[in-house]
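Architecture and fold: a report
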Amino acid sequence: MNLKIKILSCITAFLVLWTASVFAQEARAIMQKVLDRNDGTTEVSRQKLSTCRFVKKNKRLVCAESPRVKVFDSVRKDYGPNQKDTKSITIIQKPVSEKGIGFLQYDYEKQGKDSDQWMYLSAMRKIKRIVSGNDDEPKSGSFFGSEISYEDLETRHLEDYQYRILKSVIYRKRPCWVIESLPTPKRTRKSNYSKSIQWVDKERDLVLKTLLFDRQGKPVKQIVIGQVENIKGIWVARKIHVTNVQTKRRTTMSLESVMFNVEVPDSFLTQRSLSSDTFREKHLSRLNKSLKKE
């Protein structure tokens, strides 16, 4: 190889690496904007969870059985100097046989600090902490028997992933970036997913679609946001469809009502609200009055 060819090869290699680095930085900046998107400092909502086994009919996914439906109240509040720590609680209201079953979650901005999660089983009057088998294993189980896993609910830490812009597309009439996220080696040991691909709305900083791949690199879930609405300056998804292509089951989470920036007492977002019916219902009754004003 003569000197000229060597120089051209070095320049080409440098440009490839430099371009990849620039795109990686841009992809990371896009995902940072997604995480920083305004969602209010508090949120009170009523939602419906519908899960069923599905079949494909006339190019559409339809339930092959009567769906299991749960209606729940959810309350969230942001904490910390940057309002990046979050506490949230979810309480089932329907069906009556499951009323009072609850889920409590604390998310933290600090890198390396995992989310704390607790499930309350009202029939057993018992609070169960949700943990993995050990520090190098992902959590198992699902949120109220849906296709939404406990990991899906956790706040993502930007530093746990490497990002790459795959392309720019028009998706559902919206200009979007398609971004690949690969977990770092440390995160890989604690995740059920080997990678994800997100369709990010360029103008609204919303992830409109996500493809998740299992630890063997096979497609496992598709999460699609539907019926996006702007409520007092905050972009909200009225529907979220979570389709598990391996189990052939689908969960749709519908937002029936929501209010942002409502006063939420710190004492409500504790384990006491899980185990004390009187304490919980007293606060929920007051908070739910804000939903009627929507």
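The notes below deal with the structure included here. Only a predicted model underlies this, so the values are computations on that prediction, with no experimental measurement involved. (Residues numbered from 1 in each chain as written. Predicted model: local features only at pLDDT ≥ 70, side-chain atom pairs only at ≥ 80, totals over all residues. Heavy atoms only, no water.)

**Describing the overall build of the protein**
- A tally of helices and strands in the protein yields five helices and 14 strands.
- Residue pairs at least 24 apart in sequence account for 51% of intrachain contacts in the protein once pairs closer than 6 positions are excluded.
- Approximately 16,400 Å² of the protein is accessible, and the part contributed by carbon and sulfur atoms is 54%.
- Of the charged side chains in the protein, 57 are positive and 34 negative, and the gap between their average positions amounts to 5 Å. (Helix = DSSP H or I, 4+ residues; strand = E, 2+ residues; numbered from the N terminus. Contact = heavy atoms within 4.5 Å. Areas by Shrake-Rupley, 256 points an atom, 1.4 Å probe, with all protein chains shown as cover. Lys, Arg positive; Asp, Glu negative; His and termini not counted. Charge placed at Lys NZ, Arg CZ, Asp CG, Glu CD.)

**Quick look at helix α5 (residues 277-288)**
- Along its 12 residues, α5 runs 16 Å from first to last C-alpha, staying within 8% of the 16 Å computed at 1.5 Å per residue.
- Buried residues of α5: F279, R280, H283, L284, L287 and N288, and no others. The buried residues of α5 occupy one face: seen down the axis, they fall within an arc of 145 degrees. Seen from the buried face of α5, the exposed residues on the opposite side, beyond 90 degrees, are T278 and K282.
- Where α5 is buried, its residues meet β1 (42-57), β3 (68-79), β4 (85-94) and α4 (271-275). (Expected span 1.5 Å × (residues − 1). Buried < 20%, exposed > 50% of the residue type's maximum accessible area, 1.4 Å probe, protein only. Arc of directions from axis to C-beta.)

**What about the nonpolar core?**
- Counting residues in each nonpolar core, the largest one holds 19 residues, and the members touching the most others are V44, V75, I89, F268, L269, L274 and L287.
- Broken down by secondary-structure element, the contributors of at least two residues to this core are β3, β4, β5 (102-107), β6 (116-121) and α5.
- Each residue touching V44, except ones within four places of it in the same chain, is listed here: S74, V75, S257, V258, M259, V262, V264, L287, N288, S290 and L291.
- Residues F72, M119, F144 and Y150 belong to the second largest nonpolar core, which totals 17 residues. (Core = buried A, V, L, I, M, F, W, Y, C linked by side-chain atoms within 4.5 Å.)

**Points about the packing of aromatic side chains**
- For the structure on display, the rule yields eight aromatic pairs.
- Relative to W199, the ring of Y171 has its centre 6.3 Å away and its plane inclined at 45 degrees; by these criteria the two rings are tilted. One end of the pair, Y171, is in strand β8 (residues 161-171); the other, W199, is in strand β10 (residues 195-201), and 28 residues separate them in sequence.
- The class of W199 is buried, set by a relative accessible area of 13%.
- Cluster of aromatic residues (ring-pair linked, three or more members): F72, F103, F143, F144 and Y150. (Phe/Tyr/Trp six-rings, centres within 6.5 Å; stacked < 30°, edge-to-face > 60°.)

**A word on the state of the cysteines**
- If you walk through the whole model with that rule in mind, you get one disulfide.
- Covalent S-S linkage joins C52 and C63, the inter-sulfur distance amounting to 2.0 Å. Measuring handedness by torsion sign, the sulfur bridge of C52 and C63 sits at about -80 degrees and is left-handed. One end of the pair, C52, is in strand β1; the other, C63, is in strand β2 (residues 60-63), with 11 residues separating them in the sequence. (Disulfide = S-S within 2.5 Å.)

**Comments concerning the pairing of strand β9 (residues 174-183)**
- Where β8 and β9 come together, 10 bridges link them in antiparallel fashion. Directly across from S168, in β9, lies its bridge partner W177.
- Hairpin connection from β8 to β9: two residues lie between these consecutive antiparallel strands, with R172 at a positive phi of about 50 degrees.
- Sheet topology note: the β9/β10 ladder contains six bridges and is antiparallel. By the bridge assignment for β10, I179 is matched with Q198. (Pairing = 2+ DSSP bridges.)

**Some remarks on the side chain of E151**
- Within the element layout of this structure, E151 appears in helix α2 (residues 150-153).
- Here S191 takes part through its side chain, which lies 2.6 Å from a polar atom of the side chain of E151.
- Not counting chain neighbours up to four residues away, the residues in contact with E151 comprise R187, K190, S191, N192 and Y193. (Polar contact = N/O pair within 3.5 Å; in protein donor to acceptor, adjacent residues only side chain to side chain.)

This is a description of form; function is not addressed.
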